[in-house]
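Here's the letter readout for the chains.
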Amino acid sequence: TGRTSSTGARSTPAREPGRLIPSDSVWMATVAALLVLVSGAMSLATKQPWLFAGLGPTILLVAASPEHPSARFHSIVVGHAGAFLCGWVALLLCAGTDAPSFLSGDTLAVVRVWASGFAIAATSLILAPLSAHHPPPAATALLITLGVYGVTWKTSLAMLAGVIVVALLGEWYRRFRSRDERARA
């Protein structure tokens, strides 16, 4: 809530005592930007995909709803690792590893569409029993099945490392934010 001056214009909201950042939207934007910048810096330093499109929705979920069960370390890491494996296995089972990549400019290969459907179905089937409901990894599965990222050891480990970095920083943020919320109460 902002204060109204004598001219009727609203001023910036007063910061609540004990609260580091005055606005939830400022928290969200700051955390999201920092998570992207850290992952991006690691990508630049290693020339590997620590930052990839599948992390975007995870980063926003962590920044916007850090207390949600989907934003927990276990859900994030198990979700993305499971989706990566499901995408890779689906691609192998559909014999789609040699099909042209979605990004090649060719028509999307039918085998990649089938692999994508199987990967998303398999991902959704394994996440619940693993107590890792986290929808953003569906994008990770599609990045693999559509051929955006080739499945190599370097790429696989870099993507997993990016997921772990975001999950670890997300846990730190969740704890920090919980303390900030308790200070408000």
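Attention in this report is confined to the structure presented alongside it. (Residues numbered from 1 in each chain as written. Predicted model: local features only at pLDDT ≥ 70, side-chain atom pairs only at ≥ 80, totals over all residues. Heavy atoms only, no water.)

Considerations on a nonpolar patch on the surface
On the surface, a nonpolar cluster with roughly 550 Å² of combined accessible area is contributed by L85, W88, V89, L92, L93 and V151. Within the fold, L92 resides in helix α3 (residues 73-93). (Patch = residues over 30% accessible without salt bridge, like charges linked within 9 Å, V, L, I, M, F, W, Y side chains within 5 Å. Areas by Shrake-Rupley, 256 points an atom, 1.4 Å probe, with all protein chains shown as cover. Salt bridge = Lys/Arg side-chain N within 4 Å of Asp/Glu carboxyl O. Helix = DSSP H or I, 4+ residues; strand = E, 2+ residues; numbered from the N terminus.)

Focus: the packing of helix α1 (residues 24-46) against helix α2 (residues 55-64)
The relative placement of two packed helices is expressed as an angle between their axes plus a distance between the axes. Contact geometry for α1 and α2: axes closest at 8 Å, N-to-C directions at 145°. For the pair α1 and α2, the crossing hand works out as right-handed. Contacts between α1 and α2 involve M28, V31, A32, L35, V36 and S39 from the former and L55, I59, L60, V62, A63 and A64 from the latter. (Axes fitted to C-alpha atoms, helices over the stretch in contact; angles between N-to-C directions. Left-handed = near helix turned anticlockwise from the far one by under 90°. Contact = heavy atoms within 4.5 Å.)

Looking at the packing of aromatic side chains
Counted under the stated rule, the structure contains five aromatic pairs. Among the aromatic residues, those joined into a ring-pair cluster are W27, W172, Y173 and F176. (Phe/Tyr/Trp six-rings, centres within 6.5 Å; stacked < 30°, edge-to-face > 60°.)

What to know about unusual backbone geometry
What you tend to see is this: most non-glycine residues have negative phi, and most peptide bonds are trans. Despite not being glycine, A95 has its phi angle at roughly 55°, a positive value. Within the secondary structure layout, A95 lies in the loop between α3 and α4 (110-127). In this structure, S131 takes a positive phi of about 55° despite not being glycine.

Quick look at the nonpolar core
By size, the foremost hydrophobic cluster in this structure holds 20 residues, and its most contacted members are V31, L35, F52, L55, I59, V62 and V163. With five residues, helix α6 (residues 153-184) is the largest single contributor of residues to this core. Beyond its immediate sequence surroundings of up to four residues, L35 is in contact with I59, V62, V166 and L169. (Core = buried A, V, L, I, M, F, W, Y, C linked by side-chain atoms within 4.5 Å. Buried < 20%, exposed > 50% of the residue type's maximum accessible area, 1.4 Å probe, protein only.)

As for the layout of surface pockets
The volume enclosed by the largest pocket comes to roughly 290 Å³. Surrounding the largest pocket, 15 residues form its lining, F84, L85, V151, S156 and L157 being those nearest its centre. Those elements giving two or more residues to the lining of the largest pocket turn out to be α3 and α6. Considering every element that reaches the lining of the largest pocket, the biggest residue donor is α6, with six residues. Class assignment of the residues belonging to the lining of the largest pocket gives a composition of eleven nonpolar, four polar and no charged. (1 Å grid on protein atoms, 1.4 Å probe; cavity = no way out; pocket = protein on both sides within 12 Å on 5 of 7 lines; lining within 4 Å. Points joined across faces, edges and corners; volume = space filled by probe spheres on them. Nonpolar A, V, L, I, M, F, W, Y, C, P; charged D, E, K, R; others polar.)

Some remarks on the packing of α3 against α4
Running from amino to carboxyl end, α3 crosses α4 at an angle of 145°, the nearest separation of the two axes being 8 Å. When you trace α3 past α4, the crossing you get is right-handed. Packed against α3, whose contacting residues are V78, G79, G82, A83, C86, G87, A90 and L91, the element α4 presents R112, A115, F118, A119, A122, T123, I126 and L127 at the interface. Grouping the amino acids of the contact of α3 with α4 by side-chain chemistry returns eleven nonpolar, four polar and one charged.

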